[in-house]
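Overview (structure and organization)
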Amino acid sequence: MKKLLAMIMVLALAMTAAAVAETLKMGCSADFPPYEYYDDETGDVTGLDVEIADAVCKLLGYDGVEVVDMAFDSVITAVTSGKVDFGMSGMTVTEDRKLSVDFTVPYQTAVQAVLILKEGSSLTSADDLFAEGASHKVGVQNGTTGDLYATDDLETPGLATMERYTKYSDGVVALMNGKIDCMILDDQVAYAFAAENEQLAVLDTDYWTEEYACCFPLGSELGAQFSDALQTLIDDGTVAAIIEKYIPAEEAA
Ligand code: GLN
């Protein structure tokens, strides 16, 4: 019954939206492959977040999604100020963020990983970061969960010094130049950077597990509809098929 009601609501919204056929604006930081990144050939932002968002928008009767690229730590403000309709940027659901935005149902899980130089790294396992007397230089993207965890678990107890970058690409350059010992970031993104650059390797961790969802202004009606439509596409396998296209099962951690 609840499902039927949700479907009817999705359809009703689809009909309203179809009358004004338009796009929804999605705020993201397009430096996060395979979720959102610039396609070298087309110059457009593509990725699994973009495809899932596009499918949800179409189910709701919109023409599709329009991507607005920005720094990751600006996404929530862009959502709350109405600069974009929603945020979708491999964004982890956290209690703190829930004070500013509403999250949809989650569509993906992730784990934080450690990106290092393949040759000559001072780290041989992620646990080295926590060893007594450790003093690594850790890079993160500003305002991400990698930043939050590393700040609490490494910087505050005096186990590391940290560099915070606006874009991951700047952190990767710093890593290549030996300015930092590692980057802490979401696992599939670390694998994507390592696949593009043979000087890089990934150390797996099994801590800092998280879930990704899209965010909307608090109390947003559209957010509730979007969440229902996303759940419909999770239930019918559309989301899994898009994820599989970007993260083939044999590669997934
Ligand atoms: N999942 C992490 C977070 O939400 C990183 C997201 C990102 O850098 N795009 O903080």
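These notes cover the structure that comes with them. (Residues numbered from 1 in each chain as written. Predicted model: local features only at pLDDT ≥ 70, side-chain atom pairs only at ≥ 80, totals over all residues. Heavy atoms only, no water.)

**Let's talk about the overall build of the chain**
- Helix and strand counts for the chain come out as eight helices and 14 strands.
- Overall size of the chain, expressed as C-alpha extent along the three principal axes, is 60 × 40 × 30 Å.
- The buried share among the 253 residues of the chain stands at 50%.
- Restricting to contacts in the chain with at least 6 residues of sequence separation, those with at least 24 account for 74%.
- Split by element, the accessible area of the chain, about 11900 Å² in all, is 53% carbon and sulfur. (Helix = DSSP H or I, 4+ residues; strand = E, 2+ residues; numbered from the N terminus. Buried < 20%, exposed > 50% of the residue type's maximum accessible area, 1.4 Å probe, protein only. Contact = heavy atoms within 4.5 Å. Areas by Shrake-Rupley, 256 points an atom, 1.4 Å probe, with all protein chains shown as cover.)

**A closer look at the site of the ligand**
- In the neighbourhood of the ligand, 14 residues make up the surrounding shell, with Gly 90, Thr 92, Thr 145, Tyr 168 and Asp 186 lying closest.
- One nitrogen or oxygen atom from the side chain of Thr 92 is found 2.8 Å from a nitrogen atom belonging to the ligand.
- Residue Thr 145 places a main-chain N or O atom 2.7 Å away from an oxygen atom belonging to the ligand.
- Relative to its unbound accessible surface of 300 Å², the ligand loses 100% to contact with the protein.
- Classifying every residue of the shell around the ligand gives five nonpolar, six polar and three charged. (Near = heavy atom within 4 Å. Polar contact = N/O pair within 3.5 Å; in protein donor to acceptor, adjacent residues only side chain to side chain. Nonpolar A, V, L, I, M, F, W, Y, C, P; charged D, E, K, R; others polar.)

**With respect to the pattern of salt bridges**
- Overall, the coordinates contain six salt bridges when judged by the stated rule.
- One salt bridge in this structure joins Lys 58 and Asp 54, with 2.7 Å as the shortest N-O distance. Residue Lys 58 and its partner Asp 54 are located together in helix 2 (residues 48-59), separated by four residues, close to a single helical turn.
- The partner of Lys 98 in a salt bridge is Glu 95, and the shortest N-O contact between them spans 3.1 Å.
- The exposure class assigned to Lys 98 is partly exposed, which follows from its relative accessible area of 40%. (Salt bridge = Lys/Arg side-chain N within 4 Å of Asp/Glu carboxyl O.)

**Considering the side chain of Ser 220**
- In this structure, Ser 220 sits in the loop between strand 14 (215-217) and helix 7 (221-235).
- Residue Ser 220 is classed as buried on the basis of its relative accessible area of 18%.
- Within the local environment of Ser 220, its side chain forms a polar contact with the backbone nitrogen of Leu 222, the two atoms lying 3.3 Å apart.

**A word on helix 5 (residues 168-176)**
- Residues of helix 5 that are buried: Tyr 168, Gly 171, Val 172, Ala 174 and Leu 175. Buried positions in helix 5, seen along its axis, are confined to an arc of 160 degrees and lie on one side of it.
- Looking one or two residues beyond helix 5, the residue adopting positive phi is Gly 178, at roughly 75 degrees. (Arc of directions from axis to C-beta.)

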